[in-house]
Amino acid sequence: MSDEIKLGQNKYTYKNLVSWAKPPEGIGWHEVAGVAVGSDNLIYVFARGDYPVLVFDKDGNYVKDWGQGIFTSAHAITPGPGNTFYCTDHFDHTVRWMTSDGEIKMTLGTPGKPSALLGGKPFNKPTDVAVDHNTGDIFVSDGYMNSAVHRFSHEGDHILSWCKPGVDPGEFSLPHNIAIDADGYIYVADRENHRIQVFDQNGAFQHEYTNVHRPCALRIGPDGLMYVGELGFQGTVSQLVPNIGPRVSVIDRSGKRLSKVGDKGFGKQPGQMIAPHGIAVDEEGSIYLGEVSKTAGTAWLDSMENVVSFRKLHLIN
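This structure is a prediction, so every number in the text was calculated from the model and none was measured. Counting restarts for each chain: residues are numbered from 1 in the order of the written sequence. Local features are withheld for residues below a pLDDT of 70 in this predicted model, meaning they are given only at 70 or higher, and side-chain atom pairs are given and counted only at 80 or more; totals for whole chains, interfaces and linings count all residues. Side-chain descriptors were evaluated using all non-hydrogen atoms of the structure, hydrogens and water having been removed beforehand.

Enquirer: Help me get a handle on the sheet that holds strand 13 (residues 148-152), residues and values and all.
Expert: Spatial ordering of the open sheet is given by 11-12-13-14, a layout of four strands whose pairing is antiparallel. Edge positions in the sheet fall to strand 11 (128-131) and strand 14 (158-163), since each has one partner strand and no second. When strand polarity is set aside, the average angle formed by the axes of neighbouring strands in this sheet is 20°. Should DSSP find at least two bridges between two strands, the strands are taken to pair. Elements are defined by DSSP. Helices are runs of H or I of four residues or more, strands are runs of E of two residues or more, and each kind is numbered from the N terminus. Where strand 12 (residues 138-142) and strand 13 come together, five bridges link them in antiparallel fashion. Opposite S141, over in strand 13, you have V149 as the bridge partner. Note on geometry: axes are lines fitted to C-alpha atoms, helical ones only across the stretch in contact, with angles between N-to-C directions running from 0 to 180 degrees.

In structure tokens:
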């Protein structure tokens, strides 16, 4: 598949580098659920398969891998203090705080033991983590079976939760990714409600952005902008509807969309995407995008051959 396709508009135009990562022969992934940029400027890919965490340098060269035998299903990876990472395992109902070499520092949740369905207590298929780098407080979106957000101290003590399924402000229908801005406000990709909700750290609703379609991946970039992976259609009703994704949108705080990165729809053709799921942005403005392409594509693609699950979108300056 060509790496020469350009995606996006204006100052937010990117080279679509689907062959950027260069793992050794025999090492790779089934699909990529999450990605993070470490403070060491290495790229940490959280994958489903035999090699849960694969680490690359900025040129896509393989550095190392770790995590074998620990995870049941990768879902999200979030940078923490001191080049550590919070790894969310939704099938195991846990968040593990890990070093950059794969040592477990702390586990939130009880492996293999979910909380009550929609009971509001940690965790039942959690989805992502955001970390306040000023206080160390940890915010966990608990999305698939709980419709909740939980706040913990840096030491792992539960502080509070806010949760209620529904469509009104402050309610959730699959809080899938979570992020924090420089002012400490919490952004939640409320995926099946087609919006991003913003809260203070005590769970008080602030406002929402509604110009997104099934926002799945969400990070606040170093530039303060929202980088949103929109999952696109679900089911046959909207399968052929154009202009709803899958794609990445770059959105400012006023809600203005600055760029649609990927406007070629669902599929395996050059420039197309399948299932944006995890996203990270480096200091140079380039985007790293993980897609759960085999999970999402099985029902719609004739073949899994040449399916893209990870790419770098290199910002063209």
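Enquirer: Could you give an account of the side chain of D190, naming the residues involved and the relevant values?
Expert: Mapped onto the fold, D190 is located in strand 16 (residues 186-190). Polar contacts here mean pairs of N or O atoms no more than 3.5 Å apart (in protein, one a potential hydrogen donor and the other a potential acceptor; neighbouring residues in sequence count only if both atoms are side-chain atoms). A distance of 3.1 Å separates a polar atom in the side chain of D190 from a polar atom in the side chain of Q197. With near-sequence residues (within four places) excluded, D190 lies in contact with E171, F172, S173, L174, P175, R195, Q197 and P215. We call two residues contacting when some pair of their heavy atoms lies within 4.5 Å.

Enquirer: Explain the sheet that holds strand 3 (residues 31-37) residue by residue, including any values.
Expert: The antiparallel open sheet is built from four strands, whose spatial order is 3-4-5-6. The strands lining the two open edges of the sheet, one partner per strand, are strand 3 and strand 6 (62-66). Across the sheet, the mean angle separating the axes of adjacent strands is 25° when strand polarity is ignored. Taken together, the four bridges between strand 5 (residues 53-56) and strand 6 define a ladder with antiparallel strand orientation. Considered in strand 6, the bridge of V55 is made with K64.

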